[in-house]
Amino acid sequence: MIDAIWSFPFEAQVLPHHMHERLTTEAEREGLLDVAYDTVDSPVGPLLLAATEEGLVKVAFDRQDHDAVLAALAEAISPRILRAPARLAAVARQLEEYFTGRRRTFDVPLDFRLARGFRLSVLEHLPEIDYGHTESYAQVAAAAGSPRAVRAVGTACALNPLPVVVPCHRVVRSDGSYGQYAGGEEAKRTLLTLEAA
């Protein structure tokens, strides 16, 4: 049995690999691992992936400061966080397939607890935008049930806790320009170019 759970600030002490593996296995077995995380390389830079038992809860770009993201998850969900790649293996595999052009949609459980209200309505609509296509903020507002809430759609996309997997990069301005993106304009361009190929 585990006497204490180590959240990510304590992991910085760097356990030997075999000890970390054992800690993670024991935490998972005892039901004490509330948030598992890992990082994966991608064409848009390193991505932090985090999952609860319910599903993928966060995807973050490097420019969002992964340590700050983990601190926010510890506050919003639970401090019982460990690097545990096994829980994220399916997501990592599907992202690799997506980035190599072999996958157009994601099929992993999602945990939307970090979004509520209209923001959640927007996020639930985004996977309906077909691969290789875009919609304007106004079109998404209408699809989410509030045609005048164009600014709120922009906010929902900017605060999307699951970018790439929940494709807010497919939402552009009415004139076709990219608009803001959590991963930066270059990341958004990369994703849209990948899908247009």
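Remember, it's a predicted structure, so these values are computed and weren't measured experimentally.

**Side note on the overall build of the chain**
For the chain, the helix and strand inventory stands at 8 helices and 6 strands. Per-residue burial over the chain gives 46% buried out of 197 residues. Of the contacts made within the chain by residues no fewer than 6 positions apart, 62% connect residues no fewer than 24 positions apart.

**Quick word on the pairing of strand E2 (residues 47-51)**
Along any regular strand the residues' side chains alternate between the sheet's two faces. Across the 5 residues that make up E2, a large majority, 5, are buried. Residues Leu-47, Leu-49 and Ala-51 point to one face of E2 and Leu-48 and Ala-50 to the other, with burial holding for every one of them. Hairpin connection from strand E1 (residues 35-40) to E2: 6 residues lie between these consecutive antiparallel strands, with Gly-45 at a positive phi of about 95°. Strand direction decides the pairing type here: E2 and strand E3 (residues 56-61), joined by 5 bridges, are antiparallel. The residue of E3 that forms the bridge with Ala-51 is Leu-56. Connecting the antiparallel pair E2 and E3 is a turn made up of 4 residues, with Gly-55 showing a positive phi of about 155°.

**Quick notes on the confidence of the model for the chain**
Chain-level pLDDT for the chain is 88 on average; 84% of the residues reach the 70-or-more range. Overall, residues 1-13 carries pLDDT values under 50, and its contacts beyond four positions in sequence, including any with other chains, amount to 27 contacts.

**Observations concerning the pairing of E1**
Most of E1 is tucked away, with 5 of its 6 residues classed as buried. Pairing geometry for E1 and strand E4 (residues 81-83), over 3 bridges, is parallel. From the neighbouring strand, Ala-36 faces E4, where its bridge partner is Leu-82. As paired elements, E1 and E2 share 5 bridges and run antiparallel to each other. Bridge pairing links Thr-39 to Leu-48 in E2.

**A look at the state of the cysteines**
Scanning the entire structure with this criterion turns up 0 disulfides. With no disulfide of its own, Cys-157 has Cys-168 as its nearest cysteine by sulfur position, at a separation of 5.4 Å. Look at Cys-157 and you get buried, because its relative accessible area is 8%. Among the residues examined, Cys-168 registers a relative accessible area of 3% and is labelled buried.

**Examining the nonpolar core**
Counting 38 residues, the largest nonpolar core has Leu-47, Leu-49, Leu-95, Leu-126 and Val-164 as the members making the most contacts within it. Contributing elements (two or more residues each) for this core: E2, E3, helix H4 (89-99), helix H5 (117-125), helix H6 (137-143), helix H7 (150-158) and helix H8 (185-196). Take this core: its biggest share by element is 4 residues, from H4. Residues Val-57, Ala-60, Leu-70 and Ile-81 belong to the second largest nonpolar core, which totals 11 residues.

**Looking at H7**
Working note: α-helix, 3.6 residues per turn, so residues spaced by three or four point in the same direction. Those residues of H7 not exposed but buried are Val-153, Ala-156 and Cys-157. The arc that holds the buried residues of H7, viewed along the axis, is 95°, so those residues lie on one side. On its buried side, H7 packs onto H5, H6 and strand E6 (171-172).

**Looking at H5**
Those residues of H5 lying buried are Val-122, Leu-123 and His-125. What you see down the axis of H5 is that its buried residues fit within an arc of 160°, all on one side.

**Examining the environment of Gly-176**
Residue placement: Gly-176 occurs in the loop between E6 and H8. Since its relative accessible area comes to 44%, Gly-176 is described here as partly exposed. Residues Gly-176 and Ser-136, 40 residues apart in the sequence, show an inter-C-alpha distance of 7.7 Å.

What counts and how
Residues numbered from 1 in each chain as written. Predicted model: local features only at pLDDT ≥ 70, side-chain atom pairs only at ≥ 80, totals over all residues. Heavy atoms only, no water. Helix = DSSP H or I, 4+ residues; strand = E, 2+ residues; numbered from the N terminus. Buried < 20%, exposed > 50% of the residue type's maximum accessible area, 1.4 Å probe, protein only. Contact = heavy atoms within 4.5 Å. Pairing = 2+ DSSP bridges. pLDDT = per-residue confidence, 0-100. Disulfide = S-S within 2.5 Å. Core = buried A, V, L, I, M, F, W, Y, C linked by side-chain atoms within 4.5 Å. Arc of directions from axis to C-beta.

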